[in-house]
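Below, each chain spelled out in residue letters.
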Amino acid sequence: MMTSKKTLVIGASENPERYSNRAIRSLRSHNHEVVALAKREGKVEDVKIATDFPADKVHTVSMYVGPQTQPEYYSQILEMKPQRVIFNPGTENEAFSALLEENDIEAVEACTLVMLSIGNY
């Protein structure tokens, strides 16, 4: 039995064509608790998209915003101390990855959807 890994999806979208939306649905279908964050409120299935950074502790942060938008989240993510941050394709950020590693947070360049589908999430 796989352990649920509470995941914060940054850059969540209500648009079913967006990868962040697909990731939320896939995470839920794999029984992971999801917290979603975006500039606009909304909902993906049973997951409410919040506009304020969550106070909850999460295991994983899955990044769906580009490197130019990420700095506004640096301090909050570092304070949250997740086990890892997944940089999905197009969100890779060497500077932030280095900062995470310095703070004992694993920085992973991968695709959340692929990790879930092959069972190594």
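What counts and how
Residues numbered from 1 in each chain as written. Predicted model: local features only at pLDDT ≥ 70, side-chain atom pairs only at ≥ 80, totals over all residues. Heavy atoms only, no water. Helix = DSSP H or I, 4+ residues; strand = E, 2+ residues; numbered from the N terminus. Rg over C-alpha atoms; globule rule 2.2 N^0.38 Å. Contact = heavy atoms within 4.5 Å. Areas by Shrake-Rupley, 256 points an atom, 1.4 Å probe, with all protein chains shown as cover. Lys, Arg positive; Asp, Glu negative; His and termini not counted. Charge placed at Lys NZ, Arg CZ, Asp CG, Glu CD. Pairing = 2+ DSSP bridges. Axes fitted to C-alpha atoms, helices over the stretch in contact; angles between N-to-C directions. Core = buried A, V, L, I, M, F, W, Y, C linked by side-chain atoms within 4.5 Å. Buried < 20%, exposed > 50% of the residue type's maximum accessible area, 1.4 Å probe, protein only. Phe/Tyr/Trp six-rings, centres within 6.5 Å; stacked < 30°, edge-to-face > 60°. Lys NZ or Arg CZ within 6 Å of the ring centre and 35° of its normal.

Another aspect to go through is the overall build of the protein. Each helix and strand counted, the protein has four helices and seven strands in total. Secondary structure elements of the protein, listed N to C terminal, follow the sequence β-α-β-β-β-β-α-β-α-β-α. Expected size for 121 residues packed as a compact globule is a radius of gyration near 14 Å; at 13 Å, the protein falls within 12% of this value. Principal axes of the C-alpha set define a box for the protein whose edges measure 35 × 35 × 25 Å. Long-range contacts, defined here as pairs at least 24 residues apart, represent 55% of the contacts in the protein between residues at least 6 apart. For the protein, the exposed surface amounts to about 6,500 Å²; the carbon and sulfur share of it is 47%. Separation of charge centres in the protein, based on 13 positive and 17 negative side chains, amounts to 6 Å.

The pairing of strands in a sheet happens through backbone hydrogen bonds and is either parallel or antiparallel. Strand order across the open sheet formed by seven strands is β3-β4-β2-β1-β5-β6-β7, with mixed pairing between neighbours. The open sheet has two free edges, formed respectively by β3 (42-44) and β7 (106-109), since each of these has just one partner strand. On average, adjacent strands in this sheet sit at an angle of 25° to one another, irrespective of strand direction. Relative to β7, strand β6 (residues 84-87) runs parallel, the two being bridged by four bridges. The partner of Ile 86 across the bridge, within β7, is Val 108.

Leu 8, Ile 10, Val 61, Met 63, Ile 77 and Leu 100 are the most contacted members of the largest nonpolar core, which has 20 residues in total. At the level of secondary structure, the elements contributing two or more residues to this core comprise β1 (7-10), β2 (34-37), β5 (60-63), α2 (74-80), β6 and α3 (94-102). If you tally residues by element for this core, the top one is α2, at four residues. In this view, Ile 77 contacts Ile 10, Phe 53, Val 61, Met 63, Pro 82, Val 85, Phe 96, Leu 100 and Ile 105; residues no more than four positions away in its chain are not counted. Ala 36, Ile 49, Ile 86 and Leu 116 belong to the second largest nonpolar core, which has 18 residues in total.

Further remarks concern the packing of aromatic side chains. Under the defined criterion, the tally for this structure stands at three aromatic pairs. Aromatic pair Phe 87 and Phe 96: ring centres 6.0 Å apart, planes at 90°, arrangement edge-to-face. For Phe 87, a relative accessible area of 1% corresponds to the buried category. The class for Phe 96 is buried, based on a relative accessible area of 0%. Chaining the aromatic ring pairs together yields one cluster made of Tyr 74, Phe 87 and Phe 96. Lying across the ring of Tyr 121, Arg 84 places its NZ or CZ 4.5 Å from the centre.

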